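Inside the fold
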Amino acid sequence: MKIKLTLGLVLLSLSSALFAQSNYKQSIGLRLGSGYYDIASAAYKTFLNDASALEFNLGIRPEKFGGTRWTNVSASGAYQHHFDIKPVDGLKWFVGGGVVVSNTFSNNKYYKGFGVGLFPTGGADYKFKKIPLAVSADVRPTFNIVEPFDYNGYNNFYPNVGVSARYTF
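Residues numbered from 1 in each chain as written. Predicted model: local features only at pLDDT ≥ 70, side-chain atom pairs only at ≥ 80, totals over all residues. Heavy atoms only, no water.

So, about the pattern of salt bridges. By the definition in use, this model includes 9 salt bridges. As a salt-bridge pair, Asp125 and Lys45 come within 3.3 Å of each other at their nearest N and O atoms. Of the two residues, Asp125 is situated in strand 6 (residues 113-127) and Lys45 in strand 2 (residues 40-47); the sequence distance between them amounts to 80 residues. Here Lys45 falls in the buried class, since its relative accessible area comes to 0%. With a closest N to O distance of 3.9 Å, Lys92 and Asp84 form a salt bridge. According to the relative accessible area criterion, Lys92 is buried, its value standing at 10%. The structure contains a network of salt bridges with shared partners spanning Arg31, Asp38, Glu55, Asp138 and Arg140. (Salt bridge = Lys/Arg side-chain N within 4 Å of Asp/Glu carboxyl O. Helix = DSSP H or I, 4+ residues; strand = E, 2+ residues; numbered from the N terminus. Buried < 20%, exposed > 50% of the residue type's maximum accessible area, 1.4 Å probe, protein only.)

Here is the structure:
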């Protein structure tokens, strides 16, 4: 009797861990954003513990205005601190900050250059229970320390809102 009870408790614990678990350790996918430095980026997120995560993005944004074409390539890294949103299992909100470096390539010498920006970030992240998918939405208002080229349309500030879909493992 004790063996059946112990075996039943072990099976119940394993099944609840397998099917009710909504957390994940790492994820990889795509982020679509509205910022100057990227419109689409590869996204990788890894959790350091239950609440702390690092997210890295490698992005691109092509642009054409009249006869001038430029392409912006960027890399960013952000720290995110997560908090549960109860009672929805798997839903968390986060705050943090990060840095972005970018380079603009162009056929016009006035639209070329290297840029560095800092951004606070905040958003929500949801991990589906039964499939290996996490989705998130975030805001990253970016303040450029170094402008890629001399364009004051945004006065060194670029709003950036994004959505991500990532495979979790």
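Don't stop here, the text continues.
Another aspect to go through is empty space enclosed by the protein. By the definition in use, this model includes 1 cavity of 30 Å³ or more. Estimates place the volume of the largest cavity at around 40 Å³. At the level of elements, strand 5 (91-106) and strand 6 are the ones that each hand at least two residues to the lining of the largest cavity. The greatest single-element share of the lining of the largest cavity, amounting to 3 residues, is contributed by strand 6. Its residues assigned to classes, the lining of the largest cavity shows 4 nonpolar, 4 polar and no charged. (1 Å grid on protein atoms, 1.4 Å probe; cavity = no way out; pocket = protein on both sides within 12 Å on 5 of 7 lines; lining within 4 Å. Points joined across faces, edges and corners; volume = space filled by probe spheres on them. Nonpolar A, V, L, I, M, F, W, Y, C, P; charged D, E, K, R; others polar.)

Okay, the pairing of strand 7 (residues 133-139) next. Burial along strand 7 is one-sided: Ala134, Ser136 and Asp138 are buried, and none of Leu133, Val135, Ala137 and Val139, which face the opposite way, are. Remark: 5 residues form the turn of the hairpin made by strand 6 and strand 7, two consecutive strands paired antiparallel. (Pairing = 2+ DSSP bridges.)

So, about the packing of aromatic side chains. For the structure on display, the rule yields 6 aromatic pairs. Relative to Trp93, the ring of Phe83 lies with its centre 4.5 Å away and its plane at 25°, an arrangement referred to as stacked. Residue Phe83 is found in strand 4 (residues 68-84), and its partner Trp93 is found in strand 5; the two are separated by 10 residues along the sequence. For Phe83, a relative accessible area of 32% gives the class partly exposed. Since its relative accessible area comes to 39%, Trp93 is described here as partly exposed. Note on Tyr126 and Phe128: the rings are 4.9 Å apart at their centroids and 85° apart in plane angle, and the pair reads as edge-to-face. For the cation-ring pair, Lys45 lies above Phe94, with the distance from its terminal atom to the ring centre recorded as 4.9 Å. (Phe/Tyr/Trp six-rings, centres within 6.5 Å; stacked < 30°, edge-to-face > 60°. Lys NZ or Arg CZ within 6 Å of the ring centre and 35° of its normal.)

Here we take up the side chain of Glu55. Position of Glu55 relative to the elements: it lies in strand 3 (residues 52-65). At 2.9 Å, the side chain of Glu55 forms a polar contact with the side chain of Gln80. Residues in contact with Glu55, not counting those within four places in the same chain, are Arg31, Ala43, Tyr44, Lys45, Ser76, Gly77, Ala78, Gln80, Arg140 and Ser164. (Polar contact = N/O pair within 3.5 Å; in protein donor to acceptor, adjacent residues only side chain to side chain. Contact = heavy atoms within 4.5 Å.)

Treat this as a map of the structure, not an account of what it does.
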